[in-house]
Amino acid sequence: MKPFHLLKWIVLVVLSCLTATPLFAGDAVTSGVHETKTDEPLQRLAELFEFPPIEYRPHVWWHWLGSNFQKEGITKDIEAMKEAGIGGATIFNIASSVQNTHAPIENNPWPEQTFRSEAYWDAFRHTISEAQRLGLTMGLHGTPGYATTGGPWIPEEYCMQTLVFTKTTVAGNRRVELTLPKPELPVYRGYSNESNSFGKNITGKQATYYKDVAVMAVPDREGVTPADVLNISAFMDENGQIKWQAPEGIWNLCRIGHAPTMAHPHPLPDDIIGKSLEVDKMSREANIYHWRQLLDPLKEQIGEHFGKTFTYIWVDSYESGDQNWTPAFREEFMRLKGYDPLPFIALQQFPEQGKENESLKKFAQDNREVISRLFIDNGWNVAKEMLHSYGLKLYWEPYWGPWDSHESVSIPDVPVGEFWTGGNGSLGNIPHYAREFGKKFVAAEAFTGRPEVSKYTEDPAFLKHAADGGYASGANWYFLHHWVHQPFDDRYQPGMGMGWWGTHFSRFQTWFQPGKAFFTYLARCQMLLQQGVSVKSESGIAHRSTPDAELFFVINPGTSVLKKRFVFPVKDRVPELWDACKGIIRRTNKWKAEGDATFVDLTLEPDESVFVVFPKNTVPAYSQLKQPAAEVLEESSEEIRGTWNVRFEPKLETPFDMQFEPVDFRLHSDPAVKYFAGTACYEKTIRINAEDLGADKQILLDLGELHDIAAIKVNGKDAGVLWYPPYKADITSLIKTGENTLTLEISVNWANRLIGDEQYPADFEWGADRGEPGRAMKAFPDWFIKKEPRPSQGRKAFMIWYYYRKDSPLQPAGLIGPVRVIKQNILQQ
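Residues numbered from 1 in each chain as written. Predicted model: local features only at pLDDT ≥ 70, side-chain atom pairs only at ≥ 80, totals over all residues. Heavy atoms only, no water.

Caption draft 1: Seen up close, the overall build of the protein chain. Helix and strand content of the protein chain: 15 helices and 45 strands. Over its C-alpha trace the protein chain gives a radius of gyration of 31 Å, about what one expects of a compact globule, namely 28 Å for 829 residues. With respect to the principal axes defined by its C-alpha atoms, the protein chain has extents near 115 × 75 × 50 Å. A burial count over the protein chain gives 60% of its 829 residues as buried. Taking the contacts inside the protein chain whose residues are at least 6 apart along the sequence as the reference set, 79% of them involve residues at least 24 apart. About 32,000 Å² of surface is accessible on the protein chain, with carbon and sulfur atoms providing 48% of the total. Of the charged side chains in the protein chain, 87 are positive and 105 negative, and the gap between their average positions amounts to 1 Å. (Helix = DSSP H or I, 4+ residues; strand = E, 2+ residues; numbered from the N terminus. Rg over C-alpha atoms; globule rule 2.2 N^0.38 Å. Buried < 20%, exposed > 50% of the residue type's maximum accessible area, 1.4 Å probe, protein only. Contact = heavy atoms within 4.5 Å. Areas by Shrake-Rupley, 256 points an atom, 1.4 Å probe, with all protein chains shown as cover. Lys, Arg positive; Asp, Glu negative; His and termini not counted. Charge placed at Lys NZ, Arg CZ, Asp CG, Glu CD.)

Below, the structure is given as structure tokens:
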């Protein structure tokens, strides 16, 4: 999610230089138990490639913020998902606002809609019914909040446990009678210390549950070994009074007990903050209890949809802190390691006495291994067993925690990694481990964003680098972070966000309509990458093998054009180029076979990708779907100069018309253009001569520089969406001799409109100011609650986290150009 794991992902780098040696030669294809999904024949994939079906579509994380949910908004959200090409959603019930953790906004309009109230269940039933109507799949996170497993149903004795100690020194060679003090019980300080400075009082809650483990006597001298430590538990009564005939010497008496860590899930819905705990991850009994408390009400509420439309539980990355005890820990340790851990635990509390004792180092390693074993056996395996018994699947991010992440990838039905915006998309070792265990699907929590990077400046061109890197590293199913539920009237945009986190996918995004092209690109990639078995993924290439094809996903993660001869470990096959951006299949004549390898020459623009496909059949049945290879023999270009008619359609204001030459909107003198967010429709007529058209001619439209995404029409007919550079479109089939009308619909993101709002007084009270990440709205203003006109009429946007200030630099926006018509003479082969 999460700031805690960000450093781990920053250090993962995709190599941008591809070698000219055969890739993956000699690698064996691993076998194993795959998720039950039949591979598509290559013929069928070719037929589906332009418009992949819903089962291959990306899914989203759908956050419900506190009590702010509403059935009309739910329907609008789900319908928008379906329209955009989203295949399903994972519901997260979190706080009304989020910073490092829960940081609730005040004066919420529907405070009676508490977690698991009748209003909540009514909305949940409506959600699943609507998803069924539209053919979407739904899941739920395994705890309120996004970390990790727990809830308001967990009592302290079922919470994560930790050892607590008191130490008392006594003289020996006498009968000792005294009361050993009870250890101080834990006080949980929260996921982040910064969380103390805002929101409700969520920290400082002290445990009340306590149970003794043992009383151990440690000699007060150097060179003590665990064999010198005595267990004198039998001499202490339930009140802590000890009566013991102490041997000669000075003794350190260590009263050892266990108590709950008081760790709680986060960021919690407002009404259960301070009322929820994380479940004991090492107790089978506690975990069975947790899953029953989570699942039984769900099954009762959604009935026939349970296990059908509602199919899985998600467990996000681990953020619950340390746990070193569970009621059965001593017995489990002795079963697994063959010796009693208590003398070692006691000696660890007296480092001077146990100094340089090698057995303590071995114990530390053994202790970590036992904790890992119990997390896996009594925590995560129990989770899978329970979910399967209810007819559901487990989707889990096992890459971080006090367990063996390698082994843990074998547990979930769908193992999940994570990547952030601004990075290279790598999922680390998760795909490698998944391949080893024969997992067909490797999902990704995709495009998690920090507020310094993802602040309504995100667009598909920015996201593609990480998207391609994720696929090249072995992922094949994206869950987009995030698509926050919008419960309020549509005039309140961009609306609710997950506090300062995430990439802002939603029906209120300015590029929602043309952004469908990006989601379709993801679906095409996923459709191919979910076929067959994964052979290997590294260095910018992912390789999958199917019964009738070898599939290679190749990317250029660099910042310059890559012209390279790639070497593939395939023989006796003819390569094809499947372009997931355009949805077309092309022949290529730039290849040769040599020995057990095939050499293919590729030219890739920065962040361009292509699937190099080697069909088993030399002449596949879908040959009619393939476009011929084309070699450009001659090229000329002509800039389109002069003014354009521009129709501005702002997201939150009245449309207006202007005329001007392409210019960066932020440089325009008119505030309506300078701070524009929405879609600007450029229109202009150009003339094409008859000699420029013909079977050996090709006409391209090059838009030059633009921000942020363009939908093109030629003579009223769609010519596609350009969503990453270079912004060039083949318009040959739509051009005619004489006059032609070009329509360029340029969608501009929210950033400059949000900066424009900051030129006017705030009509709400500011909450926490976190510096560069931005500022919070403290409370929903009364005019919003009462649905009255807003006092500050210059402000157009409405949201609960504000990334910008009055002097924030404006972002490049609009069509900048130069716009050119490119005329080519080509040779088709």
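That was the structure; now back to the text.
Caption draft 2: Focus on the side chain of Thr598. The topology assignment puts Thr598 in strand β27 (residues 597–604). Among the polar contacts listed, one links the side chain of Thr598 to the backbone oxygen of Val570, at a separation of 2.6 Å. (Polar contact = N/O pair within 3.5 Å; in protein donor to acceptor, adjacent residues only side chain to side chain.)

Caption draft 3: Broad picture of the pattern of salt bridges. For the coordinates displayed, the defined rule picks out 48 salt bridges. Between Glu47 and Arg44 there is a salt bridge, and its shortest N-O distance comes to 3.5 Å. Here Arg44 and Glu47 lie together in helix α2 (residues 42–48), a separation of three residues that amounts to about one turn. For Asp122, the salt bridge goes to Arg125, with nearest N and O atoms at 3.7 Å. One end of the pair, Asp122, and the other, Arg125, are both in helix α4 (residues 118–134), three residues apart, so they sit about a helical turn from each other. Looking at Asp122, the relative accessible area reads 30%, which means it is partly exposed. (Salt bridge = Lys/Arg side-chain N within 4 Å of Asp/Glu carboxyl O.)

Caption draft 4: A look at the packing of aromatic side chains. Evaluated as defined, the whole model comprises 80 aromatic pairs. Considering the side-chain rings of Trp121 and Phe124, the 6.0 Å spacing of their centres and the 70 degrees angle between planes classify their relative orientation as edge-to-face. Of this pair, Trp121 and Phe124 both sit in helix α4, three residues apart, which is roughly one turn of the helix. Like Trp121, the residue Phe124 is buried in the burial classification. (Phe/Tyr/Trp six-rings, centres within 6.5 Å; stacked < 30°, edge-to-face > 60°.)

Caption draft 5: Just α4, in detail. Helix length check: α4, at 17 residues, gives a terminal C-alpha distance of 24 Å against a target of 24 Å (1.5 Å per residue), a fit within 8%. The complete set of buried residues in α4 reads Tyr120, Trp121, Ala123, Phe124, Thr127, Ile128, Glu130, Ala131 and Leu134. Where α4 is buried, its residues meet β1 (59–65), α3 (71–84), β2 (88–94), β3 (137–141), α5 (284–302) and β14 (310–315). Gly135 sits one or two positions beyond α4 and adopts a positive phi of about 80 degrees. (Expected span 1.5 Å × (residues − 1).)

Caption draft 6: Focus on the sheet that holds strand β32 (residues 656–660). Taken together, the six strands give an open sheet; going across it, the order is β32-β31-β33-β39-β36-β37, and neighbouring strands pair in antiparallel fashion. With partners counted over all chains shown, the strands left at the sheet margins are β32 and β37 (717–722), one partner each. Taking each pair of neighbouring strands and ignoring which way they run, the sheet shows an average axis angle of 20 degrees. Bridging between strand β31 (residues 644–650) and β32 involves five bridges; their strand directions are antiparallel. Counted as the bridge partner of Asn645 is Gln659 from β32. (Pairing = 2+ DSSP bridges. Axes fitted to C-alpha atoms, helices over the stretch in contact; angles between N-to-C directions.)

Caption draft 7: Layout of unusual backbone geometry. Note the cis peptide between Gln493 and Pro494, where omega equals 0 degrees. For Pro494, the position within the fold is in strand β19 (residues 494–495). Phi is positive for Ser539, which is not a glycine, with a value near 50 degrees. Along the chain, Ser539 falls in the loop between β20 (533–538) and β21 (541–546). The backbone of Lys787 shows a phi angle near 60 degrees, a positive value even though the residue is not glycine. As for its position among the elements, Lys787 is in the loop between α15 (782–785) and β42 (798–799). With relative accessibility at 66%, the residue Lys787 sits in the exposed group.

Caption draft 8: Structural detail: the packing of helix α6 (residues 329–337) against helix α8 (residues 358–389). At their nearest, the axes of α6 and α8 sit 10 Å apart, and the two run at 110 degrees to each other. With respect to α8, the element α6 is oriented roughly perpendicular. The residues of α8 that touch α6, namely those facing Phe329, Glu332, Phe333, Leu336 and Lys337, are Phe363, Asp366, Asn367, Glu369, Val370, Ile371, Arg373, Leu374 and Asn378. (Parallel < 35°, antiparallel > 145°, perpendicular 65-115°, else oblique.)

Caption draft 9: Broad picture of the layout of surface pockets. Volume-wise, the second largest pocket comes out at about 460 Å³. In terms of lining, the second largest pocket is formed by 21 residues, of which the most central are His59, Thr137, Thr311, Tyr395 and Trp477. For the lining of the second largest pocket, the secondary structure elements donating two or more residues are β14 and β15 (393–396). For the lining of the second largest pocket, a count of residues per class yields seven nonpolar, nine polar and five charged. (1 Å grid on protein atoms, 1.4 Å probe; cavity = no way out; pocket = protein on both sides within 12 Å on 5 of 7 lines; lining within 4 Å. Points joined across faces, edges and corners; volume = space filled by probe spheres on them. Nonpolar A, V, L, I, M, F, W, Y, C, P; charged D, E, K, R; others polar.)

Caption draft 10: Summary view of the nonpolar core. Formed by 179 residues in total, the largest nonpolar core has its most connected members in Phe124, Phe310, Phe447, Tyr478, Trp578 and Leu703. Once residues within four sequence positions are removed from consideration, Tyr478 is found in contact with Pro58, His59, Phe419, Ala444, Ala446, Phe447, Ala466, Ala467, Gly470, Tyr471, Leu522 and Gln526. By size, the runner-up hydrophobic cluster in this structure holds 47 residues, among which are Phe92, Trp500, Ala677 and Phe798. (Core = buried A, V, L, I, M, F, W, Y, C linked by side-chain atoms within 4.5 Å.)

Caption draft 11: Region of the structure containing α6. Of the residues making up α6, those classed as buried are Phe329, Glu332 and Phe333. Buried residues of α6 fall within an arc of 100 degrees about the axis and therefore sit on the same side. (Arc of directions from axis to C-beta.)

Caption draft 12: Representation of empty space enclosed by the protein within the structure. Applying the stated criterion across every chain yields a total of eight cavities of 30 Å³ or more. Approximately 80 Å³ is the volume attributed to the largest cavity. Along the walls of the largest cavity sit 13 residues, with Tyr456, Pro494, Met496, His504 and Ser506 positioned nearest its centre. Among the residues forming the lining of the largest cavity, the class breakdown is seven nonpolar, six polar and no charged.

Caption draft 13: Representation of the sheet that holds β21 in the model. Pairing is mixed across the open sheet formed by seven strands, whose spatial order is β20-β21-β22-β28-β24-β25-β29. At either end of the open sheet lies a strand with only one pairing partner, and these are β20 and β29 (626–627). As judged from the three bridges shared by strand β24 (residues 576–579) and strand β28 (residues 609–615), these two strands associate in the antiparallel manner. Bridge pairing in β28 links Glu576 to Val613. Strand contacts of helix α11 (residues 460–472): β20, β21, β22 (549–555) and β28, with the helix running at about 145 degrees to β22, the strand carrying the most contacts.

Caption draft 14: Main features of the side chain of Glu576. Inspection of the secondary structure puts Glu576 in strand β24. For Glu576, a relative accessible area of 2% puts it in the buried group. There is a polar contact of 2.9 Å between the side chain of Glu576 and the side chain of Trp578. A polar side-chain atom of Glu576 sits 3.0 Å from a polar atom in the side chain of Lys626. The contact partners of Glu576, leaving out residues within four places of it in the chain, are Ile585, Arg586, Phe611, Val612, Val613, Pro615, Pro620, Tyr622 and Lys626.

Caption draft 15: Fine view of the packing of α4 against α5. Interhelical geometry of α4 versus α5 gives an angle of 65 degrees and a closest axis separation of 10 Å. Note on packing geometry: the crossing formed by α4 with α5 is right-handed. Contact with α4, carried on its side by Trp121, Phe124, Arg125 and Ile128, involves Pro297, Leu298, Gln301 and Ile302 of α5 and no other residues of that element. Along the lines of polarity and charge, the residues of the contact of α4 with α5 split into six nonpolar, one polar and one charged. (Left-handed = near helix turned anticlockwise from the far one by under 90°.)

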